[in-house]
Structure formats: structure tokens, C-alpha cells
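Coordinate analysis (summary)
Here's the letter readout for the chains.
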Amino acid sequence: MSATSRVDVRPFTRRGVCPALSAPMQTGDGLLSRIAFTDHISPDDLHALSTLAIRHGNGLIDITARGGLQFRGLTAESALALEQDVLALGLPLRRGLAIETSPLAGIDETAIADPRAIMSPISERADTLNLSERLAAKMSIIIDGGGHVSMVDLLADVRLKAVRLNDDVLWQLMLGGAEKTSLRAGMLRTEHAAGVVIDLLNCLAERGSDARGRDLDIETVRTVCAERLVDSNEAGQDLSPSSRCRDLLSGREKAESLTLPTYGEAHPYGLMRLSRGQFAAALAPAYSQSPADTLSALCRHASMLEIKYVRPGPGHALYFIGNKEVCQTLLTHAREAGFVTNAHDPRSAIAVCAGEPACASAFLATRELAEHAAVDCAGLLDGSLTLHLSGCGKGCAHPTSAPLAFSGSPEGLAFRYLGRVSDAPDVILPFTEQKAALSRLARLYEKEHKPGENARTLLARLGRQRIVAALRQDDR
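Residues numbered from 1 in each chain as written. Predicted model: local features only at pLDDT ≥ 70, side-chain atom pairs only at ≥ 80, totals over all residues. Heavy atoms only, no water.

As a further point, take the overall build of the chain. Scanning the chain from terminus to terminus reveals 13 helices and 19 strands. In the chain, which comprises 476 residues, the share counted as buried stands at 56%. Here the chain displays about 20300 Å² of accessible surface, and carbon together with sulfur accounts for 49% of that area. (Helix = DSSP H or I, 4+ residues; strand = E, 2+ residues; numbered from the N terminus. Buried < 20%, exposed > 50% of the residue type's maximum accessible area, 1.4 Å probe, protein only. Areas by Shrake-Rupley, 256 points an atom, 1.4 Å probe, with all protein chains shown as cover.)

With that settled, the discussion passes to the side chain of S288. Locating S288 in the fold gives a position in the loop between β11 (278-283) and β12 (289-291). Residue contacts for S288: discarding those within four places in its chain leaves I61, D62, I63, H316, V352 and R367. (Contact = heavy atoms within 4.5 Å.)

Attention shifts here to the nonpolar core. Among the nonpolar cores identified, the biggest contains 40 residues, and I141, I143, L160, L173 and L201 are the most heavily contacted of them. For this core, the elements supplying multiple residues, two or more each, are α3 (116-128), β6 (140-144), β7 (158-165), β8 (168-175), β9 (183-189), α5 (190-207) and α6 (218-225). Of all the elements, α5 adds the most residues to this core, at 10 residues. Setting aside its immediate chain neighbours within four residues, L173 contacts V158, R159, L160, L183, R184, A185, G186, L188, V196, L200, V221 and C225. (Core = buried A, V, L, I, M, F, W, Y, C linked by side-chain atoms within 4.5 Å.)

All right, on to the pattern of salt bridges then. In the structure shown here, the tally under the stated rule is 20 salt bridges. A salt bridge links R55 to D85, with the nearest nitrogen and oxygen atoms 3.4 Å apart. Taken together, the residues R55 in helix α1 (residues 43-56) and D85 in helix α2 (residues 76-88) connect sequence positions 30 residues apart. Residue R55 is classed as exposed on the basis of its relative accessible area of 54%. Measuring nitrogen to oxygen at the nearest pair gives 3.3 Å for the salt bridge that ties E179 to K161. Of the two residues, E179 is situated in the loop between β8 and β9 and K161 in strand β7; the sequence distance between them amounts to 18 residues. A relative accessible area of 2% means that E179 is categorised as buried. (Salt bridge = Lys/Arg side-chain N within 4 Å of Asp/Glu carboxyl O.)

Ordered by their spatial adjacency, five strands build an open sheet running β1-β2-β4-β3-β12, and the pairing between neighbours is antiparallel. Bordering the open sheet on either side are β1 (25-27) and β12, each of which pairs with just one other strand. Pairs of neighbouring strands in the sheet enclose a mean axial angle of 30°, with direction left out of account. Sheet strands in contact with α2 are β2 (30-35) and β4 (69-74), and its direction is about 145° off that of β4. Each of β3 (60-63) and β12 touches helix α8 (residues 292-304); the most contacted strand, β12, lies at about 85° to it. (Pairing = 2+ DSSP bridges. Axes fitted to C-alpha atoms, helices over the stretch in contact; angles between N-to-C directions.)

Turning our attention to helix α13 (residues 464-472). For α13, the complete set of buried residues consists of I467, V468, A470 and L471. Down the axis of α13, the buried set is contained in an arc of 155°. They therefore lie on one face. Tucked into the core, α13 has its buried residues touching β17 (402-409), β18 (412-419), β19 (427-429), α11 (434-448) and α12 (455-462). One or two positions beyond α13, positive phi appears at Q473, with a value near 60°. (Arc of directions from axis to C-beta.)

On to the confidence of the model for the chain, then. In the predicted model, the chain carries a mean pLDDT of 89, and the fraction of residues at 70 or more is 88%. Confidence over residues 238-265 falls short of pLDDT 50; this stretch has 88 contacts with residues more than four positions distant or in other chains. (pLDDT = per-residue confidence, 0-100.)

Attention now goes to the layout of surface pockets. A water-sized probe, rolled over the atoms, reveals where empty space remains. In this model, the second largest pocket occupies a volume close to 460 Å³. In this structure, the second largest pocket is lined by 28 residues; those nearest its centre are F37, T38, I99, M119 and R311. Among the elements of the structure, β5 (98-100), α3 and β13 (309-313) are those that each provide at least two residues to the lining of the second largest pocket. Among the elements that make up the lining of the second largest pocket, the one with the highest residue count is α3 (five residues). (1 Å grid on protein atoms, 1.4 Å probe; cavity = no way out; pocket = protein on both sides within 12 Å on 5 of 7 lines; lining within 4 Å. Points joined across faces, edges and corners; volume = space filled by probe spheres on them.)

Attention now goes to the packing of α1 against α2. The interhelical angle for the contact between α1 and α2, taken along N-to-C directions, is 160°, at an axis separation of 10 Å. Looking at the two axes, α1 sits roughly antiparallel to α2. Like other packed secondary-structure pairs, α1 and α2 cross with a definite hand, here right-handed. For the pair α1 and α2, contact is made by L49, L52, R55 and H56 and by S78, A81, L82, D85 and V86, respectively. In terms of residue class, the contact of α1 with α2 is built from five nonpolar, two polar and two charged. (Parallel < 35°, antiparallel > 145°, perpendicular 65-115°, else oblique. Left-handed = near helix turned anticlockwise from the far one by under 90°. Nonpolar A, V, L, I, M, F, W, Y, C, P; charged D, E, K, R; others polar.)

To describe a pair of aromatic rings, you give the distance between the ring centres and the angle between the ring planes. What the rule picks out here adds up to one aromatic pair. Ring geometry for F406 versus F415: centroids 4.8 Å apart, planes at 45°, classification tilted. By relative accessible area, which is 1% here, F406 ends up buried. Owing to a relative accessible area of 0%, F415 belongs among the buried residues under this scheme. (Phe/Tyr/Trp six-rings, centres within 6.5 Å; stacked < 30°, edge-to-face > 60°.)

Looking now at the environment of E368. Note on placement: E368 falls in helix α10 (residues 366-376). C-alpha separation for the pair E368 and G355, spaced 13 residues apart in sequence, amounts to 9.2 Å.

To continue, consider the sheet that holds β6. The mixed open sheet is built from five strands, whose spatial order is β5-β6-β7-β8-β9. In this open sheet, the two strands that pair with only one neighbour each are β5 and β9. With strand direction ignored, the average angle separating the axes of adjacent strands in the sheet is 20°. The pairing of β5 with β6 spans three bridges and is parallel. Residue pairing in the sheet places I99 in a bridge with I141 of β6.

Before going further, it helps to spend a moment on empty space enclosed by the protein. The full count for this structure, using the stated rule, is three cavities of 30 Å³ or more. In this structure, the second largest cavity encloses a volume near 40 Å³. Every residue lining the second largest cavity is listed: V149, S150, H267, P268, Y269, M272, A282, P314, G315 and Y319. The residue makeup of the lining of the second largest cavity, split by class, is seven nonpolar, three polar and no charged.

If you want it as C-alpha cells, here you go:
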């Protein structure tokens, strides 16, 4: 089979299959393999991986929303050769259970806590108990110490988030989904956090390989945690499981959470100060995908600047670490090469999957549509909202709710306001109107926008019916 040959793929039923280096997944443009890292690598390492993408695949590299690297356009033979060549590089590849932290963990002084002290014992114990083989394929644990890199929109079965209370650091325990929709079970002290996570994972493993964090109710969680949950009177907090607010402390004390940005804001690409004399240049390939030769050239330039470390991370981003001068120089070079380097770039507000023809489940050429949106809808894409363009109803690029969510379907272009692409559509438009539909939203914004009002606020003011009417052109 050639890398470009079209294959028959069963229509999706649900998201739940993870491609890996040793288990590539069939897509419309061949096999796809994914790797993730547990530590920084060098620009030379990323250059080597880009070379392998050209040698074994179709020369395209994806950076996923969680910071994984994907190789596309593989054959059965080249996927095996890729695995051997990647392993020969001796990189810090993640194996086993997916435990995710900020790519800047340990070097970002704006963070509340270093999550690695919790991650390490969880990883070691999970390996001993063989939990990765007993749990759901997409089981994810997030340990969020705060700082520059936002992890709030990433789905997690079990999430720990650092909260500073006076001179102490506690970890908020949350289960299922993105941060703002998760079940908030209470607070844990650092010395108890890893043990609680392992016990919860064991509880899920006993329920079977389909069990997820969202399946655990508050009483079960409290039983598993027992006395390790911090008493609400001791913490001065409301630990109600129904709490959905960011600041949980009552009275004069406030829980300090330094995760940036807050919900609905753009990813913070650009220059980030990590500590005295150390900075990060945060940038991303447009629409999460880069030609491997373009990425390779960027890495060669970073090496020339004597930048030693880089790591992929949330927001489809690459974080290059160095002093202020070299990071600024790299950002200028990256911007000229077509990378997204600041949150004001309209492309940073568009979540887009591979689409046609790369994905055999897709009904929509999403990247072509995204290019149109980035130009015609630039005013609307002001960083206050996400435009989700999905080739089908799986929503791989943005599994959570988005203010503007479009997807391809057998019936046409489906749209949802404030929804996921797996939700029932508010309207289905003919495929021939896909670019026109986005242009109608842009004209609606231009017509109705008030001074000082961002796009998210404007859409909320207009409401679902008005937005759908504009898409349908009911007023023409």
C-alpha cells in the first residue's frame, strides 16, 4: 500500500484509539505514528525527527493539542523503520501511562509548584502495577503546577492543580473532562497526592478497561481518599463537589492559581520570562501542522543561536528555552517562516483537524477552510473564542465545547453554537456554502460589533437564534 492510497476506514463511533510509535493508526494519507516526551530535547533532536518524517513519511509533522509529535503518510514498512530510527536517537519518550505536566515544569518561576515530584512516584507505581494495560487507552492524568502554560482545556480523567494557601501548597483534585466542567472533589496535601491518584486509577482498573474518571461519583472518590482529603475547616475552603468557580476559598483568603490564560482566552505564544536570565520562545505551526523541512530549518536556526532545549506542549506549541535575546531572534525568524508567534494571530484561534484528504473519516477539507477563515474572519478571531473546524463529528482537534463549532457530516456542514461537534447541530448547511457561512459570521461581527466588545461577548449578546439566522441568511 502506498502512503497516499485511499483506504477504507470504518466510520467513527467514538474517540478512543491512540496511535503510537509501535502501534500506528490508519488514516486517509497512510499510517500515523505519535510520540510524546517526558523531558526536553534539543533542537538538533527535533531536526533529526523532521528528517525521519521526510525519509519515512509524507514530510508532514503534526504537533497535537497535548504536545505530541505525529508522523504522517507512513506505510507498514516505513512505520517499522521509523520506530527503529526514533528509538536509536535515545530520546526521553513517554511509555506507559499518560501523565502530563507543563513542558516548562521545574524551570518556570511563575508556577506555584513543581509537579514532577508527584509525577515520578505515580509513574513508577503505575508501571509496577501495569496500569497502562488495565486502563482505558486514552486514560490521562494531568498534574498542573501552574505557570505560563495553560492546561485547563485539556481533558483529564484525574487532574491535580496546585493552589497556594498562605505559605502552603495544596493540590485540588478534579475528575473527568476539562477543568471547568470537572468534578471537584477537594484538596490534597503534596505528600498524599501521588498515593490518591494511584488508588483512584486502581479503582478504575477494577471497573474494567472502559471506565473513565467521569464515571467516579463523589462518594466513591471520598471513600478512596478517606482522611487524605483536607478538611474544609482546616483549609478554610468550600470543598463542595458542585463547586465550579476558580477561587474556592471563602472569607478574606484567596486560592492563588497562576495558570494563564483563563477560560476563553488565546494561547500565550511569544516571549515568556521563566526566571532571571531564562526565557521561552513559544510558537506553533499554523493549524498544528508543519512541513518537516520548514520545522527542520527552524531547528537549525535555533541551534545556530545556541538554544539548547525545546519541548512540544499544549496549544500545539513548541517551547524553545534560552536567554531573552536569542528567544526574540528566534521568534522573528519563526514569524517570517509562517509560524504563529503571538496570540493576536487569527490562526491561533482556529482549532482544526487534518480533514480531507488526510483523514478517511472526514467530509471536509478543514485546512483550506481555515485559511479562508484566517483572512476573512480576522476581526472575529480576536482571541476571545475558538473557531472549531472538524472534518467529522469526532472532534479530535478540540473535544471540548467551542463558541463556533463546524463539522462535516453526510448531510452537509453542521454548526453548533457553544457546543461540541458531537452534539446535535443547530443547523446543517450545504457543503457548497462552507466558505460563505464563515463570511456571513464575519459580516455579522462587522455589523453588530460595539466599541470595546470582544467577539465572545458579542455572540453571547446576539444569542443562538440570531447567529443561526445569519448563517441561514434568513434576513435576505
